[in-house]
Amino acid sequence: MPTQAKAYGAASASSKLAPLQIPRREPGPTDVEMDVLFCGVCHSDVHTARGEWPGTVYACVPGHEVIGRVTRVGAKVTKLKAGDVGAVGCMVDSCRACPSCRKGLEQFCQTGATFTYNSPDRHLGGHTYGGYSSRIVVDEAFTLRVPSGLDLAATAPLLCAGITTYSPLRHWKVGAGQRVGVVGLGGLGHMGVKFARAFGAHVVLFTTSPAKVADGLRLGAHEVVVSTDPAAMAARAGSLDFILDCVSAQHDLNAYLALLKVDGTLCLVGVPEKPLSVHAFSVIMPRRNFTGSCIGGIAETQEMLDFCAKHGIVSDIELIPIQQINEAWNRMIKQDVRYRFVIDMASLKQA
Ligand code: NAP
Ligand code: ZN
Ligand code: ZN
C-alpha cells in the first residue's frame, strides 16, 4: 500500500505551485527510499508544469535534481544503505533491455524511459511525481552515490544541469586546443562553462545579460560576449569548434551557427517552447553540424559526480525555502538566476 508524502505541485498549467499530498510506494526488494534534503530548480520544471511542452499530466510535482538521505532499502539493495546520502536525477526507470539501455543510454530507452516526474508510473499507475516532495522511492539502478566532500545543496543541480552539459561536451570530445562557445548563463550554461574549462578548452560565453559578464569570467569563461552587440558577434564569425546552446527561450540559431568553423558543431540542449528555424545557408556554407543532446545515462551521471568530486566542481546556487518557489520560477524566467535555485526541503515541514 502506498503512503502519502508532502509535496508542492501545480494543479493546472495556470496554477501556482501549492502544497499537496502524493502517494509513494513501500520500498520493494530493489528500491531505495530517501528523505529529500535538497532539490534543484530546472527550467524544465517550469516548461512542464506550465504546459509549454506537450503531454503534461496534473497534478504536476516537478523536481529532478534530488539529494536525499536514505531511510530504508529493500533486501537486494547493495548500492546504498540507510543513513547514506544518495541522489536521483531525471530518470527513475527504463526497460533495461533495449539497445539504448544496454549501452547505458537509458534516456533514449526505446520503450520510453520513466522520467522522475510526468511519466507513467510503472509501479503505482498514474504518473510519477518529482523531488519537490518530502520523500522519494526509486529502484537502486536509478540512484546515484554522492561522493563525500561535496556541498550537498550545491551538488543537487549536477543531477540535471551537470549531466546535461557534461555529456555532450564528453560525447563531442571537447578539450584542449578547441574554442568552445556556451550560450546562455543560467543553470545549464554555468555548468557548461565550468566543464568546458575543466576539460581544457578555450571558453567563450555568450549572454544577453550585460550584468552577467563578470560572473561569466569568474565561472571560468576566457571571453564573455554580449550577444546583442553585433560587432562583438561579427568578430567571432567562423571561430568556434563547438557551441553548447543552453537557452530556454526563442533565439536566432543562425547567429550562432555563423560562429562555427568548417565542420564545427552546434549542440542544442535548451528546449524552447516553439520550433527554432535554421537557414540552409547556416549549415551548407561552410559545412556545419547541428545536433542536440538529452541529459545522460546513469553510469555517465555517476562518472560526472565523481569527476566533480575530484575537481571540486559544484553549482553556484541560491538556497530557498519551498514557500518561495513561485517567486524563484518567475525570477528564472526573467533570466535573474545566479545560477541555480535549490530548495531546502526541510522547509516543507512548515508547509
Ligand atoms: P535557465 O537557468 O533559465 O537559463 C536559461 C538562460 O537562457 C537564461 O539564464 C538566459 O541566459 C538565456 N535566455 C533566457 N531567455 C532568453 C531569451 N529570451 N533570449 C536569449 N536568451 C535567453 O534554464 P536552465 O535550467 O539552464 O535550462 C535551459 C534550457 O535547457 C531549458 O529550455 C530547459 O528545459 C532545457 N533543458 C534541457 C535538458 C536536456 O536534456 N536537453 C536538460 C535540462 C534542461 P543569459 O541571461 O545569459 O542570456
Ligand atoms: Zn532539468
Ligand atoms: Zn530500454
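Residues numbered from 1 in each chain as written. Chains lettered and ligands numbered in written order. Predicted model: local features only at pLDDT ≥ 70, side-chain atom pairs only at ≥ 80, totals over all residues. Heavy atoms only, no water.

## Quick look at the coordination of the zinc ion (ligand 2)
Phase 1: Ligation of the zinc ion (ligand 2) by protein atoms is provided by C42 (SG), H64 (NE2) and C160 (SG), these donors lying 2.0 to 2.2 Å from the ion.
Phase 2: Between consecutive donor residues of the zinc ion (ligand 2), the sequence gaps follow C-x21-H-x95-C. Linking H64 in the loop between α1 (43–49) and β4 (66–73) with C160 in the loop between α3 (152–155) and α4 (161–171), this pair joins segments that are 96 residues apart in sequence. Exposure class is identical for H64 and C160. Each is buried. (Donors = N, O, S within 2.8 Å, 3.2 Å for Na, K, Ca; no water. Helix = DSSP H or I, 4+ residues; strand = E, 2+ residues; numbered from the N terminus. Buried < 20%, exposed > 50% of the residue type's maximum accessible area, 1.4 Å probe, protein only.)

## Details of the side chain of K212
Phase 1: Among the structural elements, K212 can be located in the loop between β11 (202–207) and α6 (213–219).
Phase 2: Of the polar contacts made by the side chain of K212, one reaches the backbone oxygen of Q335; its length is 3.1 Å.
Phase 3: When near neighbours in sequence (up to four residues on either side) are disregarded, K212 contacts L185, T207, Q335, R338 and Y339. (Polar contact = N/O pair within 3.5 Å; in protein donor to acceptor, adjacent residues only side chain to side chain. Contact = heavy atoms within 4.5 Å.)

## Description of the site of ligand 1
Phase 1: Around ligand 1 sit 31 residues, and of these H43, T207, T208, S209 and R340 come closest.
Phase 2: In the model, an oxygen atom of ligand 1 is placed 2.7 Å from a nitrogen or oxygen of the L185 main chain.
Phase 3: One of the side-chain N or O atoms of K212 is found 2.7 Å from an oxygen atom in ligand 1.
Phase 4: Protein chains bury 92% of the 920 Å² of accessible surface belonging to ligand 1 in isolation.
Phase 5: Among the elements of the structure, α1 and α5 (187–198) are those that each provide at least two residues to the shell around ligand 1.
Phase 6: Broken down by element, the residue count for the shell around ligand 1 peaks at 3 residues, all from α1.
Phase 7: Residues belonging to the shell around ligand 1 are distributed by class as follows: 14 nonpolar, 15 polar and 2 charged.
Phase 8: Structurally, the shell around ligand 1 is a two-domain feature, drawing no fewer than three residues from each of domain 1 (3–160 + 296–350) and domain 2 (162–292). (Near = heavy atom within 4 Å. Areas by Shrake-Rupley, 256 points an atom, 1.4 Å probe, with all protein chains shown as cover. Nonpolar A, V, L, I, M, F, W, Y, C, P; charged D, E, K, R; others polar. Domains from an automatic or database assignment.)

## Section: the domain arrangement of the protein chain
Phase 1: We note that the domain assignment places domain 1 (3–160 + 296–350) and domain 2 (162–292) within the protein chain.
Phase 2: Computed over C-alpha atoms, the centres of domain 1 and domain 2 are 27 Å apart.
Phase 3: Counting residues at the interface gives 24 residues for domain 1 and 27 residues for domain 2.
Phase 4: Here domain 1 packs against domain 2, burying approximately 2100 Å² in sum over the two surfaces, 55% of which is carbon and sulfur.
Phase 5: Inspection of the domain 1/domain 2 interface yields 3 salt bridges.
Phase 6: A salt bridge links K194 to D316; the nearest nitrogen and oxygen atoms lie 2.6 Å apart.
Phase 7: At the surface where domain 1 touches domain 2, the tally comes to 18 residue pairs in polar contact (both at pLDDT 80 or more).
Phase 8: Among the elements that take part in the side of domain 1 that touches domain 2, helix α10 (residues 298–311) stands out by supplying 6 residues, more than any other.
Phase 9: Counted by class, the side of domain 1 that touches domain 2 contains 12 nonpolar, 6 polar and 6 charged residues. (Buried area = accessible area lost by both parts, 1.4 Å probe. Salt bridge = Lys/Arg side-chain N within 4 Å of Asp/Glu carboxyl O.)

## As for the nonpolar core
Phase 1: Core analysis: the biggest nonpolar cluster contains 89 residues, and Y132, L169, F195 and I325 have the highest contact counts within it.
Phase 2: Each of domain 1 (3–160 + 296–350) and domain 2 (162–292) accounts for three or more of the residues forming this core.
Phase 3: Look past the residues within four positions of I325 in its chain and what remains in contact with it is Y8, L17, V41, Y132, I320 and I343.
Phase 4: Judged by nonpolar contacts, the second largest core, of 16 residues, contains V183, V225, A232 and Y256. (Core = buried A, V, L, I, M, F, W, Y, C linked by side-chain atoms within 4.5 Å.)

## Notes on the coordination of the zinc ion (ligand 3)
Phase 1: For the zinc ion (ligand 3), the protein coordination sphere consists of C95 (SG), C98 (SG), C101 (SG) and C109 (SG), at 2.3 to 2.4 Å.
Phase 2: One can describe the site at the zinc ion (ligand 3) as tetrahedral: its 4 donor atoms subtend angles covering 103 to 119 degrees at the metal.
Phase 3: When the donors of the zinc ion (ligand 3) are listed by position in the chain, the intervening gaps give C-x2-C-x2-C-x7-C. For the pair shown, C98 and C101 are each scored as buried. (Tetrahedral: all angles 85-135°; square planar, octahedral: opposite > 155°, others 65-115°.)

## Observations concerning a nonpolar patch on the surface
Phase 1: Where nonpolar side chains cluster on the molecular surface, the patch consists of F281, I284 and M285 and spans about 370 Å² of accessible area.
Phase 2: Within the element layout of this structure, M285 appears in the loop between α9 (280–284) and β15 (289–292).
Phase 3: Among the residues examined, M285 registers a relative accessible area of 61% and is labelled exposed. (Patch = residues over 30% accessible without salt bridge, like charges linked within 9 Å, V, L, I, M, F, W, Y side chains within 5 Å.)

## Concerning helix α11 (residues 325–333)
Phase 1: Of the positions making up α11, those classed as buried are I325, N326, A328, W329 and M332. Buried residues in α11, looked at end-on, bunch into an arc of 160 degrees, giving them a common side.
Phase 2: Considering only its buried residues, α11 is in contact with β1 (3–9), α1, β16 (317–321) and β17 (340–344).
Phase 3: Q335 sits one or two positions beyond α11 and adopts a positive phi of about 65 degrees. (Arc of directions from axis to C-beta.)

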